[in-house]
Amino acid sequence: MIARLRRTRSAMIGLGIVCFFVLLALAAPLLVRLSGWDPAQPDPSAVDPNLAGLPREVFSAEHWLGVEPVSGRDLFSRVVMGTQVSMLVAFAGAAVVLTLGALFGVTAGFFGGWADAVISRLMDLLMSFPGLIFMIAIMSVTPHVNRLVMLITVIGLFSWPGVARIVRGQTLSVREREFVEAARISGSGAGRILRREILPNVAGPLIAYATLLVPGMISAEAALSYLGIGIRPPTPSWGQILADAVTYYDVAPTYFAIPGLCLFLVILGFSLLGDGLRDAVDPKGARR
């Protein structure tokens, strides 16, 4: 699988983009210290009060990517710290989704019967809800809860049924294979069969699906922050910066373009990597 993945140029490009943004998120506090400007620290001297608070310079040695209009906050430090927030929400949300999806999917597929019926109806119920609308409603009525934790929880709870369905289908297929039957005959219990036979065989598709899941979570976090119900100031977020930049896109285009470009690239990177992983896990399906 790794050999097939390495031969896929688009997947390698996606992996490079993902690694860049992950390293950027990990090094965010150090990069902010190097820039010399805290994300919430204003610089009134960097904006021109005679031009409605527009930045005096687009780029400068003092502010590497310029500043926000009116407030004069350093755009580089805010975008870098926004990367950390987006990566944290995406990876933590994906961990919640994969854990719940694998747990319920394997349980439904392996045990069948009433467990499969109950879990399948629960998945149908959650998938019938308009997820984004419910996320907006829940985030709106819980204004005093930690926004980061709430975002991860809400996105994870509404996203796991899709993963569970894939895992359930894979488990139904694997449990009928000869090696699982041989394990049963040899006296292995359900727990051992799940750990040693089922989970290793559903892990590949699960990992591939996870990389395709992350872009949606980054987009959801940005969308909720853009609407003002996600990450709130003073914590920076790409969606929050884009919402503030809409007013100035024609007079300060870099204010809008830089976080927008970051959002585009990270979603593109995960999408390319996810497509490559999916094809590497199932090369016959890719040829079809």
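Everything below is about the structure shown above.
Calculation criteria
Residues numbered from 1 in each chain as written. Predicted model: local features only at pLDDT ≥ 70, side-chain atom pairs only at ≥ 80, totals over all residues. Heavy atoms only, no water. Helix = DSSP H or I, 4+ residues; strand = E, 2+ residues; numbered from the N terminus. Buried < 20%, exposed > 50% of the residue type's maximum accessible area, 1.4 Å probe, protein only. Contact = heavy atoms within 4.5 Å. Areas by Shrake-Rupley, 256 points an atom, 1.4 Å probe, with all protein chains shown as cover. Lys, Arg positive; Asp, Glu negative; His and termini not counted. Charge placed at Lys NZ, Arg CZ, Asp CG, Glu CD. Core = buried A, V, L, I, M, F, W, Y, C linked by side-chain atoms within 4.5 Å. Expected span 1.5 Å × (residues − 1). 1 Å grid on protein atoms, 1.4 Å probe; cavity = no way out; pocket = protein on both sides within 12 Å on 5 of 7 lines; lining within 4 Å. Points joined across faces, edges and corners; volume = space filled by probe spheres on them. Nonpolar A, V, L, I, M, F, W, Y, C, P; charged D, E, K, R; others polar. Phe/Tyr/Trp six-rings, centres within 6.5 Å; stacked < 30°, edge-to-face > 60°. Salt bridge = Lys/Arg side-chain N within 4 Å of Asp/Glu carboxyl O. Polar contact = N/O pair within 3.5 Å; in protein donor to acceptor, adjacent residues only side chain to side chain. Disulfide = S-S within 2.5 Å. Axes fitted to C-alpha atoms, helices over the stretch in contact; angles between N-to-C directions. Parallel < 35°, antiparallel > 145°, perpendicular 65-115°, else oblique. Left-handed = near helix turned anticlockwise from the far one by under 90°.

Trainee: Sorry, what's going on with the overall build of the chain here?
Mentor: Secondary structure assignment for the chain yields 12 helices and two strands. Counting from the amino terminus, helix and strand elements in the chain follow one another as α-α-α-β-β-α-α-α-α-α-α-α-α-α. Along the first, second and third principal axes, the C-alpha atoms of the chain reach 80 × 45 × 35 Å. Counting across all 288 residues of the chain, residues that qualify as buried make up 44%. A separation of at least 24 residues holds for 70% of the contacts in the chain among residues at least 6 apart in sequence. Working note: accessible area of the chain is about 14500 Å², and carbon and sulfur atoms make up 66% of it. Taken as two groups, the 23 positive and 19 negative side-chain charges of the chain have centres that lie 13 Å from each other.

Trainee: How should I be thinking about the nonpolar core in this particular structure?
Mentor: For soluble globular proteins, nonpolar side chains are generally found buried alongside one another. Core analysis: the biggest nonpolar cluster contains 71 residues, and Ile198 and Ile218 have the highest contact counts within it. If you tally residues by element for this core, the top one is helix H4 (residues 75-111), at 15 residues.

Trainee: Can you help me understand unusual backbone geometry in this one?
Mentor: Only a minority of non-glycine residues have a phi that is not negative, and only a minority of peptide bonds are not trans. Phi at Val70 takes a positive value of approximately 70°, unusual for a residue other than glycine. Along the polypeptide, Val70 turns up in the loop between strand E2 (54-55) and H4.

Trainee: What is the right way to look at H4 in this model?
Mentor: Side chains that are three or four residues apart share a direction in an α-helix, a result of its 3.6 residues per turn. Look at H4: 53 Å from first C-alpha to last across 37 residues, which is about the 54 Å you get at 1.5 Å a residue. Gly112, located one to two residues past H4, shows a positive phi value of around 60°.

Trainee: Even after reading the chapter, I still don't get the layout of surface pockets, so can you show me in this structure?
Mentor: Over the atoms rolls a probe the size of a water molecule, and in doing so it shows where empty space is left. If you add up the space inside the second largest pocket, you get close to 160 Å³. Those elements giving two or more residues to the lining of the second largest pocket turn out to be E2 and helix H11 (253-281). Residue contributions to the lining of the second largest pocket peak at three residues, all from H11. In terms of residue class, the lining of the second largest pocket is made up of nine nonpolar, two polar and two charged.

Trainee: Explanation requested: the packing of aromatic side chains in the structure shown.
Mentor: Geometrically, a pair of aromatic rings is defined through the distance of the ring centres and the angle of the planes. A full pass over the atoms with the stated rule returns seven aromatic pairs. With a centroid separation of 6.1 Å and 80° between ring planes, the pair formed by Phe21 and Trp238 is classed as edge-to-face. A residue pair is termed long-range when its members are at least 10 positions apart, and Phe21 in helix H2 (residues 9-26) and Trp238 in helix H10 (residues 238-245) qualify at 217 residues. Using a relative accessible area of 3% as the deciding quantity, one classes Phe21 as buried.

Trainee: Explain the side chain of Asp48 here, please?
Mentor: Inspection of the secondary structure puts Asp48 in strand E1 (residues 47-48). Among buried Asp, Glu, Lys and Arg side chains, Asp48 stands out as unpaired, with Arg56 the closest opposite charge at 4.2 Å. For Asp48, the side chain forms a polar contact with the main-chain nitrogen of Asn50, separated by 3.0 Å.

Trainee: Where do I start with the state of the cysteines in this structure?
Mentor: In protein structure, a disulfide is the covalent linkage between the sulfur atoms of two cysteines. The full count for this structure, using the stated rule, is zero disulfides. Of all cysteine sulfurs, the one in Cys262 lies closest to Cys19, which takes part in no disulfide; the gap is 16 Å. Cys19 gets classed as partly exposed once you look at its relative accessible area, which sits at 38%.

Trainee: Would you mind going over the packing of helix H7 (residues 147-174) against helix H9 (residues 190-226) with me for this structure?
Mentor: Geometry of a packed helix pair, given as the angle between the helix axes and the separation of the axes. Axis separation between H7 and H9 bottoms out at 9 Å; the angle between their running directions is 155°. Relative to H9, H7 is oriented roughly antiparallel. For the pair H7 and H9, the crossing hand works out as right-handed. Here Leu151, Ile155, Ser159, Gly162, Val163, Ile166, Val167, Gln170, Thr171 and Val174 of H7 come into contact with H9, specifically with Glu197, Ile198, Asn201, Val202, Pro205, Leu206, Tyr209, Leu213, Met217, Ala220, Glu221 and Leu224. The residue makeup of the contact of H7 with H9, split by class, is 15 nonpolar, five polar and two charged.

Trainee: Sorry if this is basic, but what is going on with the pattern of salt bridges here?
Mentor: Any two side chains of opposite charge can pair if their charged atoms end up close together. Throughout the structure, instances matching the rule amount to six salt bridges. In this structure, Arg73 and Glu68 form a salt bridge, with 2.9 Å as the shortest nitrogen-oxygen distance. Exposure remark for Arg73: the relative accessible area of 17% places this residue in the buried category. Taken together, the shared-partner salt bridges in this structure form one network comprising Glu68, Arg73 and Arg78.

Structural measurements only, silent on function.
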